[in-house]
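Summary of the model geometry
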Amino acid sequence: MNIYLRYFDRETLVKTADEAIDFLSSISEIGMNPVLENDVRDYLASDVFYPKRYKIRPRVYFIIIKTDAATMQDFKDKKAVHPAASAGGHERGASSAVAKLSEERYGWYEGVIDFKRVLMVPGTGKFQYRDTHFVARVKAASGLDCYNRIVEHLQERVDGRSQFPSAKGKNFRFRFLGQAK
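Here's a quick rundown of the structure.

Conventions adopted
- Residues numbered from 1 in each chain as written.
- Predicted model: local features only at pLDDT ≥ 70, side-chain atom pairs only at ≥ 80, totals over all residues.
- Heavy atoms only, no water.
- Helix = DSSP H or I, 4+ residues; strand = E, 2+ residues; numbered from the N terminus.
- Buried < 20%, exposed > 50% of the residue type's maximum accessible area, 1.4 Å probe, protein only.
- Contact = heavy atoms within 4.5 Å.
- Pairing = 2+ DSSP bridges.
- Axes fitted to C-alpha atoms, helices over the stretch in contact; angles between N-to-C directions.
- Core = buried A, V, L, I, M, F, W, Y, C linked by side-chain atoms within 4.5 Å.
- Expected span 1.5 Å × (residues − 1).
- Arc of directions from axis to C-beta.
- Salt bridge = Lys/Arg side-chain N within 4 Å of Asp/Glu carboxyl O.

1. Let's talk about the environment of Arg 130
- As for its placement among the helices and strands, Arg 130 is situated in strand S6 (residues 127-140).
- Accessibility expressed as a relative area gives 43% for Arg 130, which makes it partly exposed.
- As a C-alpha pair, Arg 130 and Val 118 span 12 residues in sequence and 6.4 Å in three-dimensional space.
- Non-local contacts of Arg 130, meaning those with residues more than four positions away in its chain, are made with Phe 115, Lys 116, Arg 117 and Leu 119.

Now the structure itself:
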């Protein structure tokens, strides 16, 4: 496994944590210190394959990415993308959930949506957001169609400032109940 590091237009692909620390130490703006060095070493020794971003100052970061790419060109061409199976299958599960969302299957669906509803507080006359759990059974062509029908129904009945989650997020779930006749 190799390590890709980038700070603005300065980037490198190294093989060891020591080489990564040397690269970061060569950039004076980063201000390498023992705490940052230990954190970088801990990240590189861990099983986590998600990129890590370190804040230098407001809106200024450097990133570290673990990769199987042998050369910088392979990394740039994305030839050594880390397989989802070694990351615990979490990424594969997420992509299959998105695929299920758009899978065409006409019938009855039960959709569950958790959203932020705007309600007036009776005593003060002020408005506040309240977490609201809503469950509905709808006739739809897909999970995405189920989501769209539920949100359309709610938008007609709640305050326009209410906030609805993405259909791809964890605040919307659905299950297929059966074929419609």
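2. With respect to the pairing of strand S4 (residues 60-67)
- Where burial is concerned, most of S4 is hidden: 6 out of the 8 residues are buried.
- Here strand S1 (residues 2-7) pairs with S4 via 5 bridges, running antiparallel. Bridge pairing in S4 links Leu 5 to Ile 64.
- Sheet topology places strand S3 (residues 52-57) next to S4; 5 bridges connect them, and they run antiparallel. Among the inter-strand pairings, Arg 57 is bridged to a residue of S4, identified as Val 60.
- The hairpin turn running from S3 into S4, its antiparallel successor, is 2 residues long, and Arg 59 in that turn takes a positive phi close to 65 degrees.

3. Notes on the sheet that holds S6
- In space, the 3 strands of this open sheet follow the order S6-S5-S7, with antiparallel pairing throughout. For this open sheet the edge positions go to S6 and strand S7 (172-179), each flanked by a neighbour on one side alone. Strand-to-strand twist of the sheet, defined as the mean angle between neighbouring strand axes without regard to direction, takes the value 25 degrees.
- Sheet strands in contact with helix H5 (residues 143-155) are strand S5 (107-120), S6 and S7, and its direction is about 130 degrees off that of S6.

4. With respect to the nonpolar core
- One finds Leu 5, Val 40, Phe 62 and Ile 64 to be the most contacted residues of the largest nonpolar core, which totals 18 residues.
- Contributions of two or more residues to this core are made by S1, helix H1 (17-25), helix H2 (34-45) and S4.
- In contact with Leu 5, not counting residues within four places along its chain, are Arg 10, Glu 11, Thr 12, Val 14, Ala 20, Phe 23, Leu 24, Ile 63 and Ile 64.
- Within the second largest apolar cluster, 14 residues are counted, among which are Ile 113, Ala 136, Ala 140 and Ile 150.

5. Let's talk about H5
- Compared with an ideal rise of 1.5 Å per residue, which puts 13 residues at 18 Å, H5 spans 18 Å between its outermost C-alpha atoms and is within 8% of the ideal.
- Among all positions of H5, only Gly 143, Cys 146, Tyr 147, Ile 150, Val 151 and Leu 154 are buried. One side of H5 carries all its buried residues, which in axial view fall inside an arc of 125 degrees. Exposed side chains of H5 directed beyond 90 degrees from the buried face belong to Glu 152 and Gln 155.

6. What to know about the pattern of salt bridges
- On inspection of all chains with the given rule, the structure shows 10 salt bridges.
- Where Asp 114 meets Arg 173, a salt bridge forms, and the shortest distance between an N and an O atom there is 3.7 Å. Taken together, the residues span a long stretch of sequence, with Asp 114 in strand S5 and Arg 173 in strand S7 at a distance of 59 residues.
- Classification of Arg 173 by relative accessible area gives partly exposed; the value is 40%.
- Ionic pairing is found between Asp 131 and Lys 116, a salt bridge with its closest N-O pair at 2.6 Å. Residue Asp 131 is found in strand S6, and its partner Lys 116 is found in strand S5; the two are separated by 15 residues along the sequence.
- Classification of Asp 131 as exposed rests on a relative accessible area of 63%.
- Classification of Lys 116 as partly exposed rests on a relative accessible area of 36%.
- Members of the salt-bridge network, linked through shared partners, are Asp 18, Glu 37 and Arg 41.

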